[in-house]
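Report on the structure
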Amino acid sequence: MKQFLRYINFYELVRPVGQMLAFSVGSALVLSAIVVVLALILDQTAVGADLMDKYNVTLFTYTMINLPQVVIDGLTIGFVYAAIALGYTMVYGVLEFINFAHSEIFAVGAFVGVEFLIGMQALGVLSGASLPLAYAYLILAIILGMIAAGCLAVTVERVAYRPLRGASRLVPLISAIGVSFLLQDVIRLVESLTTGQFNRIFPTFGNFDARIIFGKLAMGASKITLGISVKSIIVIVSAVLMLVALNYLVNATRVGKAIRAVAQDRSTASLMGINVNRMISLTFLVGGLLGGAAGVLYALKFTRIDPFVGFFPGLKAFTAAVLGGIGNMTGALLGGIVLGMLETFAGSYMGVFTSGAAGSEYKDIFAFSILILVLVFRPQGLMGKHVGQKA
C-alpha cells in the first residue's frame, strides 16, 4: 500500500480543488459586492419603493436574503459549464481549432442516459428502487452517456477531422459546424423512429428532487427558504470529481505528458516515439467522456431535453472557455464558474433592479456580451493561453 501511495501525486489532486474553491469564493464575493452596491444605490429610487410596496422590505434586505441561494444555484450551473468547456479547451490545446460538434456530443450523452432511465422506468424498475439502487441506476446512466459520447467523439475525429488535418484552419472548422448540424438531425431521426417524441423528460425517482433545508429567512410578511436540492449536490460533486480526475490525468501521468507534448509540438513528439494520432484520439475521447457525463447531469438538473439541448449550453461553455483562455484548462474552469455565477446573478436580480422591465429571460445577454468584450479587449482570456513554440 505504501509503495502504491508513493506513485500518487497528491499535489495534483489537491491543487484543482484549491483552484475551484478560490474561483468560487472569488467570483461569489465580486458579484455579491456588485449587486449589494446596486441595491444600496437603487434602494432610494422608485425601484426600492416598488419593492417596499410589494414585499414590505427594502431592496437591500431583499438582495441580502436571496444572495446565498443565488450563489448556490450559480455554482451548480457553473460547474456544468466548466465540464463542457474543458472539452473545447482540450481539443483546441492539441489541434488549435474549435470543435463546434462538442455541443451535440454533449446532447448525445444526455439522450443516451435519459433514454436508459426511461427504459428502466417503463420496466417498473425505478418506481420501487431503494435509495442505493436509485443512485446505482443514475451512475449507470452517466457511465452509458459517457461511453456513447466518448465513442462518438473519437469517431467524429477519425472521420471528419483527421483527413483535414493538413488543411487550413477554416476547413476543419466548417467540417465541425457540418457535423454539429448532422448530429442534431440524427438525434431527431432516431427519436422520431424509436419514440416519436423529441422532448424527453428525466424520470422522477430516488430522492433527487428533495431539498436539504439550511433555514428560513424572514422577508417582510413572508419567509425565504434557504436550501439546496439533492440533484444540485450531485451535479457539483460529480463535476468536481471529473475535473480533479482530468487534471490528474493531464498533469500527473505519462499519458498526460504525451498529450501535452503533442499539444506543444506534434512533429517533435512523433520523433520522440509518441503516437500522435493515438494521443489526439485520446484527447477527443476524454473530451467526449466529460461532455457525455455533463449531458446527463444537465438533464438531471433541468429535467427536460430535446435534440437542440446542446446548443445553448455548448455556446455558453465555449464562451466560458474563451473567457478563461481557450487552450488553458485552469482558465476553462475559471470561465465556467464565473459565467455560471454571472448568469444566475443576472437572472435573479435583473427583474428586481429594473422593476420588471427586464426579467430573467434576458440573462443570456450577459453571457454573450462577456464573449464580445473578452474578444475585443483581452482575446487571450483572463488567464492567457498556453501557446506552443513551433520549431
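How each quantity is defined
- Residues numbered from 1 in each chain as written.
- Predicted model: local features only at pLDDT ≥ 70, side-chain atom pairs only at ≥ 80, totals over all residues.
- Heavy atoms only, no water.
- Helix = DSSP H or I, 4+ residues; strand = E, 2+ residues; numbered from the N terminus.
- Rg over C-alpha atoms; globule rule 2.2 N^0.38 Å.
- Buried < 20%, exposed > 50% of the residue type's maximum accessible area, 1.4 Å probe, protein only.
- Contact = heavy atoms within 4.5 Å.
- Lys, Arg positive; Asp, Glu negative; His and termini not counted.
- Charge placed at Lys NZ, Arg CZ, Asp CG, Glu CD.
- Arc of directions from axis to C-beta.
- Axes fitted to C-alpha atoms, helices over the stretch in contact; angles between N-to-C directions.
- Left-handed = near helix turned anticlockwise from the far one by under 90°.
- Nonpolar A, V, L, I, M, F, W, Y, C, P; charged D, E, K, R; others polar.
- Parallel < 35°, antiparallel > 145°, perpendicular 65-115°, else oblique.
- 1 Å grid on protein atoms, 1.4 Å probe; cavity = no way out; pocket = protein on both sides within 12 Å on 5 of 7 lines; lining within 4 Å.
- Points joined across faces, edges and corners; volume = space filled by probe spheres on them.
- pLDDT = per-residue confidence, 0-100.
- Phe/Tyr/Trp six-rings, centres within 6.5 Å; stacked < 30°, edge-to-face > 60°.
- Core = buried A, V, L, I, M, F, W, Y, C linked by side-chain atoms within 4.5 Å.

Moving on, we come to the overall build of the chain. Of the regular secondary structure elements, the chain holds 14 helices and four strands. For 391 residues, the compact-globule formula gives about 21 Å, and the C-alpha radius of gyration of the chain, at 22 Å, lands near that figure. Seen through its principal axes, the chain has C-alpha atoms that stretch 70 × 55 × 50 Å. Residue burial in the chain is summarised as follows: out of 391 residues, 50% are buried. Looking at the chain alone, contacts between residues at least 24 apart form 76% of all its contacts between residues at least 6 apart. Side-chain charges in the chain split into 26 positive and 17 negative, and the spacing between the mean points of these groups amounts to 13 Å.

So, on to the environment of L164. Here L164 is to be found in the loop between α6 (131–161) and α7 (170–194). Once the C-alpha coordinates of L164 and A346 are considered, the two residues, 182 residues apart in sequence, prove to be 41 Å apart.

Our focus in this paragraph is helix α3 (residues 46–55). Those residues of α3 that sit buried are V47, G48 and L51. The arc enclosing the buried residues of α3, seen along the axis, measures out at 95 degrees, which places them on a common side. Opposite the buried face of α3, by more than 90 degrees, sit the exposed residues A46 and D53. The secondary structure elements touched by the buried residues of α3 are α2 (10–42), α4 (59–95) and α13 (329–353). Just past α3, the residue N56 takes up positive phi, approximately 60 degrees.

This part is about the packing of helix α12 (residues 311–324) against helix α14 (residues 364–377). Axis angle and axis distance: for two packed helices, these are the angle between their axes and the distance between the axes, and together they describe the pair. At a closest axis distance of 9 Å, the pairing of α12 and α14 adopts a crossing angle of 35 degrees. Here α12 runs over α14; the crossing is left-handed. Packed against α12, whose contacting residues are F312, L315, K316, T319, V322 and L323, the element α14 presents D364, A367, F368, I370, L371, V374 and L375 at the interface. The residue inventory of the contact of α12 with α14, partitioned by class, reads ten nonpolar, one polar and two charged.

Take the packing of α6 against helix α11 (residues 276–302) next. At their nearest, the axes of α6 and α11 sit 7 Å apart, and the two run at 140 degrees to each other. In terms of orientation, α6 lies oblique with respect to α11. For the element pair α6 and α11, the recorded crossing hand is right-handed. When the residues that make up the contact of α6 with α11 are grouped by side-chain class, the tally is 18 nonpolar, five polar and one charged.

Turning next to empty space enclosed by the protein. All chains considered together, the criterion is met by one cavity of 30 Å³ or more. Approximately 90 Å³ is the volume found for the largest cavity. Along the walls of the largest cavity sit P16, Q19, M20, L86, L243, L246, N247, M329, T330 and L333, which together make up its complete lining. Residue assignment for the lining of the largest cavity shows that the elements contributing at least two residues are α2, α8 (230–252) and α13. Its residues placed into classes, the lining of the largest cavity shows seven nonpolar, three polar and no charged.

Next up on the list: the confidence of the model for the chain. For the chain, the average pLDDT comes to 85, and 94% of its residues sit at 70 or higher. Every residue in residues 386–391 scores below 50 in pLDDT, and together they form ten contacts with partners more than four places removed in sequence or on other chains.

The next point concerns the side chain of S281. Topologically, S281 is positioned in helix α11. In contact with S281, not counting residues within four places along its chain, are V154, E157 and R162.

The tally for this structure, following the rule as stated, stands at twelve aromatic pairs. With 4.9 Å between their ring centres and 75 degrees between their planes, F97 and Y161 make a pair best called edge-to-face. Taken together, the residues F97 in the loop between α4 and α5 (102–122) and Y161 in helix α6 connect sequence positions 64 residues apart. In this pair, the class of F97 matches that of Y161, namely buried. Between Y298 and F302, the aromatic rings sit 4.6 Å apart at their centres with planes inclined by 40 degrees, giving tilted as the arrangement. Of this pair, Y298 and F302 both sit in helix α11, four residues apart, which is roughly one turn of the helix. In this structure F302 comes out as partly exposed when scored by relative accessible area, which is 38%. A network of ring pairs unites the aromatic residues Y135, F202, F205 and F208 as a single cluster.

In this fold, E191 is placed in helix α7. Once residues lying within four places of it in the same chain are set aside, the contact partners of E191 are F111, E115, G196, Q197, F198 and R200.

Let us look at the nonpolar core. Among the nonpolar cores identified, the biggest contains 118 residues, and F79 and F345 are the most heavily contacted of them. Per element, the largest residue contribution to this core is 22 residues, and it comes from α4.

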